[in-house]
Amino acid sequence: MDNLAGREFHADPHPFYAQWRREGPVREVQLASGAVVWLITRYDDARQALTDPRFSKQGRNKGHPSDTIERALSRHMLAVDPPDHTRLRRLVSAAFTARRIEALRPRIAEITSSLLDFMAEQSGPFDLIDAFAFPLPIQVICELLGIPAEDRDSFRRWSNIIVGGVAYQADFPGAAQAMVAYIRGLLAARRSDPGDDLLSGLIEVRDSEDRLDEDELISMVFLLLIAGHETTVNLIGNGAALLLTERDRWERLRADPGLLPTAIEEFLRYESPVETATFRITSEPVTIGGQNLPAYAPVVIGLLSANRDEARFPDPDELRLDRPQNPHLAFGHGIHYCLGAPLARLEAQIAFGALIERFPGLRLAGPASELTWRPGLLLRGLFTLPVTTGPE
Ligand code: HEM
């Protein structure tokens with residue numbers, strides 16, 4: 001059985017996925033944690049699993065865990081099935097509609113511009129992830145929620161550990177505990193001093209209308225923070241790497257910024273920031289891709305692999321900035337389709353547009369072969385992206 005813990009797999013998983021799509025597209029693999037799961041690698045199977053309610057978030061586990069930390073982190077919409085999912089998603093969906101998100105454009109442009117000002121002051125090489133790809137989305141989600149952006153370094157560390165994106169032996173329970181304590185503190189502060197932000201809105205729904213319980217509230221904040229944090233950074237980082245490692249692409253986008261919307265969809269397809277959807281568990285025996293799965297089997301849906309499926313995309317390993325049809329699964333599909341997709345797309349459009357306009361000569365500060373990908377199967381992103389804006 002294939003073990004996905006190796007460096008070789010994360011450095012370039014595409015040949016592995018291509019082989020698996022051909023030979024045993026639904027297969028058992030072993031994760032770095034030692035857990036064995038079923039991995040779905042083809043587009044059609046992935047789409048089917050994302051819409052089929054037998055691929056459940058809870059399986060038979062409809063009760064609540066007894067551990068208080070686990071309970072506080074596992075009651076969000078992405079961890080539950082309907083009807084809880086429907087209720088929880090509805091509570092925040094109004095804040096994420098395309099229209100509400102579009103209204104954030106001026107503020108996102110302002111944050112972008114101040115980050116670029118800071119980059120302009122750098123005389124030598126610097127890390128584009130640290131200086132730009134990370135702080136932009138985190139500042140936006142913090143402002144939307146009403147959280148002090150100064151706290152971001154602490155929860156960056158905890159959230160990296162929680163999503164499994166660090167290369168060292170990490171203290172997962174410690175990080176989870178710190179995160180929950182931090183969110184409890186935020187809620188206490190907002191309860192005594194409410195504002196005009198999403199956090200205050202959610203507290204109001206909890207305290208006055210009782211439409212979610214305290215664990216669900218903590219979980220919701222946790223999910224929004226992590227989702228706003230660990231994903232868009234990879235869209236910006238992976239997209240910038242794709243443009244800078246092959247200069248023609250950067251120049252083409254510079255000459256024709258009208259390509260930005262299709263280019264961003266292509267970055268999402270080609271190096272999908274969320275490599276696999278979060279765990280599902282079969283609620284009964286299911287046959288998928290010719291494979292029989294028993295009831296209560298853990299399943300991981302390969303989004304990055306589905307997005308390179310030759311049966312769905314012509315020349316899938318070619319990056320086409322103007323790809324006309326691009327029904328990628330980078331934001332998932334079905335009831336758990338990414339709530340933040342309009343926000344992520346807007347941030348990426350503003351970020352790439354401003355970056356190219358302000359730093360036409362931006363380039364890698366080292367060989368492309370030295371770029372290293374973070375471990376873990378959930379997310380696909382680089383550790384660092386060293387660049388320079390100075391003369392060659
Ligand atoms: C769900 C991808 C940005 C909030 C998802 C899912 C994917 C995804 C694949 C479904 C996971 C599954 O079915 O297991 C992405 C990507 C992003 C991004 C690629 C950036 C490029 C964001 C942002 C937010 C967000 C900025 C904002 C707060 C959510 C939420 C869900 C979700 C709340 C759960 C929806 C539900 O369960 O109904 N995202 N996401 N995402 N995303 Fe995103």
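Residues numbered from 1 in each chain as written. Predicted model: local features only at pLDDT ≥ 70, side-chain atom pairs only at ≥ 80, totals over all residues.

Under the annotation held in an unreviewed UniProt entry, the chain carries the name Cytochrome P450 and is attributed to Paractinoplanes aksuensis.

**Brief notes about the overall build of the chain**
Of the regular secondary structure elements, the chain holds 18 helices and 11 strands. Against the globule reference of 21 Å for 392 residues, the chain gives a C-alpha radius of gyration of 21 Å, in line with a compact fold. Along the three orthogonal principal directions, the C-alpha set of the chain runs to about 60 × 60 × 40 Å. Here the chain, with 392 residues, has 39% of them falling under the buried criterion. (Helix = DSSP H or I, 4+ residues; strand = E, 2+ residues; numbered from the N terminus. Rg over C-alpha atoms; globule rule 2.2 N^0.38 Å. Buried ≥ 20, exposed ≤ 12 C-beta atoms within 10 Å, placed from the backbone.)

**Quick notes on helix H18 (residues 341-358)**
Look at H18: 26 Å from first C-alpha to last across 18 residues, which is about the 26 Å you get at 1.5 Å a residue. Residues Leu-343, Ala-344, Arg-345, Glu-347, Ala-348, Ile-350, Ala-351, Phe-352 and Leu-355 constitute the buried set of H18. Of the surrounding elements, those touching the buried residues of H18 are helix H6 (98-102), helix H7 (105-120), helix H9 (135-145), helix H14 (232-245) and helix H16 (260-270). (Expected span 1.5 Å × (residues − 1). Contact = placed C-beta atoms within 7 Å.)

**Section: the site of the ligand**
Of all residues adjacent to the ligand, which total 25 residues, the nearest are Ala-227, Ala-277, Gly-332, Cys-338 and Gly-340. Of all elements in the fold, only helix H13 (214-230), H14 and H18 reach the threshold of two or more residues within the shell around the ligand. With four residues, the single largest contributor to the shell around the ligand is H13. Residues of the shell around the ligand, tallied by class, amount to 17 nonpolar, seven polar and one charged. (Near = placed C-beta within 6 Å. Nonpolar A, V, L, I, M, F, W, Y, C, P; charged D, E, K, R; others polar.)

**Brief notes about the sheet that holds strand S1 (residues 2-3)**
One open sheet holds the six strands; their spatial order is S1-S2-S3-S9-S6-S4, and the pairing between them is mixed. This sheet does not close on itself; its edge strands, each paired only once, are S1 and strand S4 (55-56). Set on the sheet, helix H3 (residues 43-51) makes contact with strand S2 (26-30), strand S3 (36-40), S4, strand S6 (280-282) and strand S9 (298-301); between it and S9 the angle comes to about 125°. (Pairing = 2+ DSSP bridges. Axes fitted to C-alpha atoms, helices over the stretch in contact; angles between N-to-C directions.)

**Focus: the pairing of S9**
Bridge count for S3 against S9 is three bridges, and the pairing is parallel. Bridging across to S9, Leu-39 finds its partner in Val-300. For S6 and S9, the ladder comprises two bridges, and the chain directions are antiparallel. Paired with Arg-280 across the two strands is Val-299, which belongs to S9.

**Considerations on the sheet that holds strand S5 (residues 126-127)**
What links the strands of a sheet is backbone hydrogen bonding, and the strands pair in either a parallel or an antiparallel sense. Reading across from one edge, S5-S11-S10 is the order of the three strands in this open sheet, with antiparallel pairing throughout. Lying at the two open borders of the sheet, with one neighbouring strand each, are S5 and strand S10 (363-364). One ladder, built from two bridges, connects S5 with strand S11 (residues 386-388); its direction is antiparallel. By the bridge assignment for S11, Asp-127 is matched with Pro-386.

**Describing the confidence of the model for the chain**
Summing up the model confidence of the chain, the mean pLDDT is 92 and the portion of residues at 70 or higher is 96%. For this predicted complex, the interface score ipTM comes out at 0.99, while the overall pTM is 0.95. (pLDDT = per-residue confidence, 0-100.)

**Focus on unusual backbone geometry**
With the exception of glycine, most residues fall at negative phi, and the peptide bonds are largely trans. Residue Pro-83 follows Pro-82 across a cis peptide bond; omega there is 5°. Among the structural elements, Pro-83 can be located in the loop between helix H4 (68-73) and helix H5 (84-93). Non-glycine residue Asp-315 carries a positive phi angle of around 45°. Within the secondary structure layout, Asp-315 lies in the loop between helix H17 (303-306) and H18.

**Examining the packing of helix H11 (residues 172-192) against helix H12 (residues 198-207)**
Put simply, H11 and H12 touch, their axes get as near as 10 Å, and they point 80° apart. In terms of their interaxial angle, H11 and H12 are classed as roughly perpendicular. Contact with H11, carried on its side by Leu-186, Leu-187, Arg-190 and Arg-191, involves Leu-199, Ser-200 and Ile-203 of H12 and no other residues of that element. Tallied by class, residues from the contact of H11 with H12 come to four nonpolar, one polar and two charged. (Parallel < 35°, antiparallel > 145°, perpendicular 65-115°, else oblique.)

**Concerning the environment of Ser-192**
You can see Ser-192 is positioned in helix H11. Spatially, the C-alpha atoms of Ser-192 and Arg-254 are 49 Å apart, while their sequence positions differ by 62 residues.

**Some words on the packing of H14 against helix H15 (residues 247-255)**
At a minimum axis separation of 4 Å, H14 and H15 run at an interaxial angle of 105°. What the angle tells us is that H14 and H15 run roughly perpendicular. For the pair H14 and H15, the contacting residues are Leu-242, Leu-243 and Leu-244 in the first and Arg-249, Trp-250 and Leu-253 in the second. Residue composition of the contact of H14 with H15, grouped by class: five nonpolar, no polar and one charged.

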